[in-house]
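# Reading the structure
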Amino acid sequence: MIVEIGHYALALALGVSVIQAVVPFWGVFRQDRTLASVGSSAALVSFALVALSFAALVTSYVRSDFSVGNVVANSHSAQPLIYKLTSVWGNHEGSMLLWVLILTLFGALVALSRRSLPPRLRAGALAAQGLVAVAFLAFTLLTSNPFQRLSPVPAEGQDLNPILQDLGLAIHPPLLYVGYVGFSITYAFAVAALIDGRIDAMWARAVRPWTLLAWTFLTLGIAMGSYWAYYELGWGGWWFWDPVENASFMPWLAGTALIHSTVVMEKRDALKVWTILLAILTFSLSLLGTFIVRSGVLTSVHSFATDPARGLFILLILIFFVGGSLALFAWRAPLLRQGGLFAPVSRESALVVNNVFLATACATVFVGTLYPLLLEMVTGDKISVGPPFYNATFVPVMVPLLLILPLGQSLAWKRGDLLGAAQRNAMAFGIAVLAALALLFFTRGGPVLAPLGVGLGIFLVLAAGFDLGERIMMRASGWRAMLSRARGLPRSAWGTAFAHAGIGLSIIGIAAQAWSTEAITVLKPGERLTSGRYTIVLEGMSPRSGPNFRAEVARFRVFSGDRELAPVEASKRVYTARSMPTTEAGIRTDGLSQAYVSLGEAQDGGVAVRLYDKPLILLIWIGSLVMALGGGLSLTDRRFRLAAPKRAAPTAAAPQPAE
Amino acid sequence: MTIAQPTRPLPAKRRFTRKQRRLTLIAMAGAVLSLAAGLVLFAMRDTIVFFYGPTEITEKGVLPGTRMRLGGLVEAGSVQRSDGKRVTFAVTDGKTSIKVGYDGLLPDLFREGQGVVTEGVFEGAGRFKADSVLAKHDETYMPREVADTLKKQGHWQPGAAGAPAAPPAKP
């Protein structure tokens, strides 16, 4: 019964979304306020229905209702409750339902948001959002129905794919989806602005919190996915430039550009057409990512079995929304009033440079990801594009951007002083260069680029810190005055500093991986293996059983030089339902570095063991967290909580140096 | 030889017109984009890796020393281990098989009779030195290239790679 209610609610949600997509458009067209405002209630109802449907699926999973095909394929009665819950989105059908849930949630949030949006803009945005919901609800109902009943009812389920039975992966999809799908709101606002034919600083102010929210969650989602791949796959890699990873990275790059361009639009009423285009492109890249992942057209290390029919459906959705919005853009963008002029040396120019570089970097990832597909269609040759390609293209584009980032950060709006900005960053730069030189000296014979990368990271962190420090200490004497200045600084200034410092921290972590070492051997109890700074001694092996798996656990003592760290356990598990083996790596955190142990096959009294020394690797994810914290801080900025200014009377660009 | 004409001195603080600014912007964007395009074209030449099935290696005349990806089925009974981390196995498409040597730990879902993709260097004479064996996340997943390779040699059984499709939430 519950299952049928869920299915029915989902079908109803499709109907309501059609209303949400059509009626407000018609209202805007007919200048009828009542019709235009239908979008809000439709969005709320549609969210309530999808939430009901999602709750029904969750209930079936928690109760292990094996009359539902989706539950049978992805759950098992012996699973711990938490994994029964996360099984809901640990499969294609359920994760599409989560997709739609988040999509309608964002629609409902727009409907509820108290900010005084111009009614036409709100109506248009809700209608566009409704249209996206229609497409994905239809996709879910027609190709990926999670509520399919089975008859006869099997006695037991087939279990969730064991490598997904993990807390990291439990929270990774929701985070990532909030990011991915969150960009649908900026897309909807862009479409609404194009239909409306007007756009101003107020539009930017309305869109910016949504962009920040989506970006923050996408950052967390990507970081979580990367950490999961690192510890769960057992081969110590954290990023493979794999199509599935790039699928989430491209919207992130475009979204980062969008965050910066909306600032220019908000403060200086410029860069409007580009911002609209960027908003469209960012969500288009999210859709492209969904297509890449769901269709399996690109071979990925993260691929699972896929269904070509679904791929075709998503391709059609992709073509409709990307093509439709770009056509709308080509038709309506010339109507948008051109923005103001700006001086070549100014904060806004620096942000334009940022956008040029980020868009270019995103384009290199795009080419690398899709070129194999194109080549295969044209010549039939199959190729793979791996890390060497991105090291030769993406990295050279990003490095200059990061090098000049601190300069842009300390330039003033309207008319900046390049020399002054350079002077303000001279100290940070000097310290970073000294640090890089010292590292080069102490690691002679090692990789040359690593110390330079670490130096770049240090430069970014210091420059962000000094910039913030300077603002706090400006014209303030005594710590009391400084404290009040620190409190008085706009949250977005803190956000900027944290986000930029976060990139710096991540870069230090990434660069340091050039010094990571690996050793593989067969160990018998009592034998030792050394890699880099770490030595492990195999103490013994013992069998163990979990709720739905059997494991062979190896215990190791871990030494860093002469210092003994806490022991570590690595294991090989076999999940009984699928008789599928997995490797559980043993990881000992030592400061910011990690010793990483993973097991191979057992053989003649010993076991194959791989040990990595991963210096400073935690900085990669700590940096991502700091970046996301920056996004969150910006989101709490005062100006997003206050009523926005009236339309057509945008406040003069405030001289306060925010962003 | 020509001598450059002395140009009219510019005013010290020249204001850019809208057009000039736009041109500057386009020039800058163009410069960055063409730089990136250059990098991409350059990288395409020597960083991309072609995928071949065992039979294709001879058909297409792959030269020894070429870096490539090799995919097919792990031939039953061909996996041999020596001194712990050294593994040899044969990759077959039903018609031809290639001997692969690999130093390292094999991924969890590496099994005889199942699809595999390895990356490394073709050494000639039916031998391949792999430096990575690609893992998969799902035991029913068959890399598309491998499926195509098998289809080409007529050894593809639909459904063999199939059963319940269970893609995860990992986008």
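Residues numbered from 1 in each chain as written. Chains lettered and ligands numbered in written order. Predicted model: local features only at pLDDT ≥ 70, side-chain atom pairs only at ≥ 80, totals over all residues.

### Points about the overall build of chain A
Helix and strand counts for chain A come out as 20 helices and 10 strands. For chain A, whose C-alpha radius of gyration is 26 Å, the value lies close to the compact-globule estimate of 26 Å for 659 residues. Reported as C-alpha extents along the three principal axes, the dimensions of chain A are approximately 80 × 70 × 60 Å. Every one of the 659 residues in chain A was classed for burial, and the buried ones make up 56%. (Helix = DSSP H or I, 4+ residues; strand = E, 2+ residues; numbered from the N terminus. Rg over C-alpha atoms; globule rule 2.2 N^0.38 Å. Buried ≥ 20, exposed ≤ 12 C-beta atoms within 10 Å, placed from the backbone.)

### Observations regarding the overall build of chain B
When helices and strands are counted, chain B shows three helices and seven strands. Reading the helices (α) and strands (β) of chain B from amino to carboxyl end gives α-β-α-β-β-β-β-β-β-α. Summarising the internal contacts of chain B: among those between residues at least 6 apart in sequence, 55% fall at separations of at least 24. (Contact = placed C-beta atoms within 7 Å.)

### A closer look at the confidence of the model for chain B
Residue and element names in this part refer to chain B. Averaged over all residues, the pLDDT of chain B equals 77, while 78% of them reach at least 70. The weakest mean pLDDT in chain B belongs to helix H3 (residues 144-152) at 78; the strongest belongs to strand E5 (residues 97-103) at 92. Confidence drops under a pLDDT of 50 for residues 1-13, and excluding neighbours within four residues, the segment shows zero contacts in the predicted structure. In the predicted structure, residues 158-171 sits below a pLDDT of 50 and forms 44 contacts with residues beyond four places in sequence or in another chain. (pLDDT = per-residue confidence, 0-100.)

### A look at the environment of Thr576 of chain A
Locating Thr576 of chain A in the fold gives a position in the loop between strand E6 (563-575) and strand E7 (580-584). Taking C-alpha positions, Thr576 of chain A is 9.7 Å from Pro547 of chain A, a pair spaced 29 residues apart along the chain.

### Things to note about the confidence of the model for chain A
Residues and elements named next belong to chain A. Per-residue confidence for chain A gives a mean pLDDT of 89, with 95% of residues at or over 70. For chain A, the element scoring lowest by mean pLDDT is helix H20 (residues 638-641), at 69; helix H19 (residues 618-635) scores highest, at 96. Overall, residues 643-659 carries pLDDT values under 50, and its contacts beyond four positions in sequence, including any with other chains, amount to 30 contacts.

### Structural notes on the pairing of E5 of chain B
Successive side chains on a regular strand alternate, one facing one side of the sheet and the next facing the other. Residues and elements named next belong to chain B. Burial along E5 is one-sided: the residues Ile98, Val100 and Tyr102 are buried and none of Ser97, Lys99, Gly101 and Asp103 is. As paired elements, strand E4 (residues 86-92) and E5 share seven bridges and run antiparallel to each other. Bridging across to E5, Ala90 finds its partner in Lys99. The antiparallel pairing of E4 with E5 creates a hairpin that spans four residues between the two strands, and Gly94 there sits at a positive phi of about 95°. (Pairing = 2+ DSSP bridges.)

### Let's talk about the packing of helix H15 (residues 418-442) of chain A against helix H16 (residues 449-473) of chain A
Residues and elements named next belong to chain A. Following both chains from N to C, one finds H15 and H16 inclined at 155°, their axes separated by 8 Å at the closest point. Judged on the interaxial angle alone, H16 and H15 are roughly antiparallel. Of the two possible hands of crossing, H15 and H16 adopt the one that is right-handed. Only Pro451, Leu452, Val454, Gly455, Ile458, Phe459, Leu462, Ala463, Phe466 and Glu470 of H16 make contact with H15, whose side of the interface consists of Arg424, Asn425, Met427, Ala428, Phe429, Ile431, Ala432, Val433, Ala435, Ala436, Leu439 and Leu440. Of the residues contributing to the contact of H15 with H16, the split by class is 18 nonpolar, two polar and two charged. (Axes fitted to C-alpha atoms, helices over the stretch in contact; angles between N-to-C directions. Parallel < 35°, antiparallel > 145°, perpendicular 65-115°, else oblique. Left-handed = near helix turned anticlockwise from the far one by under 90°. Nonpolar A, V, L, I, M, F, W, Y, C, P; charged D, E, K, R; others polar.)

### Side note on the nonpolar core
All names here are of chain A. In terms of nonpolar packing, the biggest core is built from 196 residues, with Val100, Phe189, Leu253 and Leu460 touching the most fellow members. If you tally residues by element for this core, the top one is helix H9 (residues 201-232), at 20 residues. Mapped onto the domain boundaries, this core takes at least three residues apiece from domain 1 (1-165) and domain 2 (168-343). (Core = buried A, V, L, I, M, F, W, Y, C linked by C-beta atoms within 7 Å. Domains from an automatic or database assignment.)

### Digging into the sheet that holds strand E2 (residues 517-523) of chain A
All names here are of chain A. Taken in spatial order, the four strands make up an open sheet running E2-E10-E9-E8, and their pairing is antiparallel. Of all the strands in the sheet, the pair left with one neighbour each is E2 and strand E8 (586-590). In this sheet, neighbouring strand axes are inclined to one another by 15° on average, regardless of whether the strands run parallel or antiparallel. Judged from the five bridges that link them, E8 and strand E9 (residues 593-603) form a sheet pairing that is antiparallel. Within E9, the position partnered with Thr589 by the bridge is Gln594.

### Considerations on the domain arrangement of chain A
If you check the domain split of chain A, you get domain 1 (1-165), domain 2 (168-343) and domain 3 (517-614). Taking only C-alpha atoms into account, the centre of domain 2 of chain A sits 39 Å from that of domain 3 of chain A.

### Some words on the interface of chain B and chain A
Tallying the contact residues gives 46 residues for chain B and 63 residues for chain A. Residue assignment for the side of chain B that touches chain A shows that the elements contributing at least two residues are helix H1 (18-47), strand E1 (48-52) and H3 of chain B. Sorting elements by how many residues they give to the side of chain B that touches chain A places H1 of chain B first, with 14 residues. Looking at the side of chain B that touches chain A, its residues break down into 27 nonpolar, seven polar and 12 charged.

### A look at the sheet that holds strand E5 (residues 549-560) of chain A
All names here are of chain A. The antiparallel open sheet is built from five strands, whose spatial order is E3-E4-E5-E6-E7. Two strands close off the open sheet at either side, each with one partner strand: strand E3 (528-531) and E7. On average, adjacent strands in this sheet sit at an angle of 25° to one another, irrespective of strand direction. Pairing of E5 with E6 involves 11 bridges; the strand directions are antiparallel. Residue pairing for E6: Phe549 is matched across the bridge by Tyr575.

### Regarding the pairing of E5 of chain A
Residues and elements named next belong to chain A. Sheet analysis places strand E4 (residues 534-545) next to E5, joined by 11 bridges and oriented antiparallel. Considered in E5, the bridge of Ile536 is made with Val558. Hairpin connection between E4 and E5: a loop of three residues separates the two successive antiparallel strands. Hairpin geometry of E5 and E6 is characterised by an intervening segment of two residues between the two adjacent antiparallel strands and by a positive phi of about 65° at Gly561.

### Quick word on the packing of helix H1 (residues 2-30) of chain A against helix H7 (residues 119-143) of chain A
Axis angle and axis distance: for two packed helices, these are the angle between their axes and the distance between the axes, and together they describe the pair. Residue and element names in this part refer to chain A. Put simply, H1 and H7 touch, their axes get as near as 7 Å, and they point 150° apart. Classified by the angle between their axes, H1 and H7 sit roughly antiparallel to one another. Crossing angle aside, the handedness with which H1 passes H7 is left-handed. A per-class count over the contact of H1 with H7 returns 18 nonpolar, six polar and one charged.

### A word on helix H14 (residues 387-410) of chain A
Residues and elements named next belong to chain A. Taking 1.5 Å of rise per residue, 24 residues should cover 34 Å, and H14 covers 34 Å from first to last C-alpha, within 8% of that figure. At Ile404, H14 is deflected by roughly 40°, the largest bend along its length, and proline Pro406 occurs up to four residues later in sequence. Among all positions of H14, only Phe389, Tyr390, Thr393, Phe394, Val397, Leu405, Pro406, Gly408, Gln409 and Ser410 are buried. (Expected span 1.5 Å × (residues − 1). Bend = angle between axes of the 7 residues up to and from the residue.)

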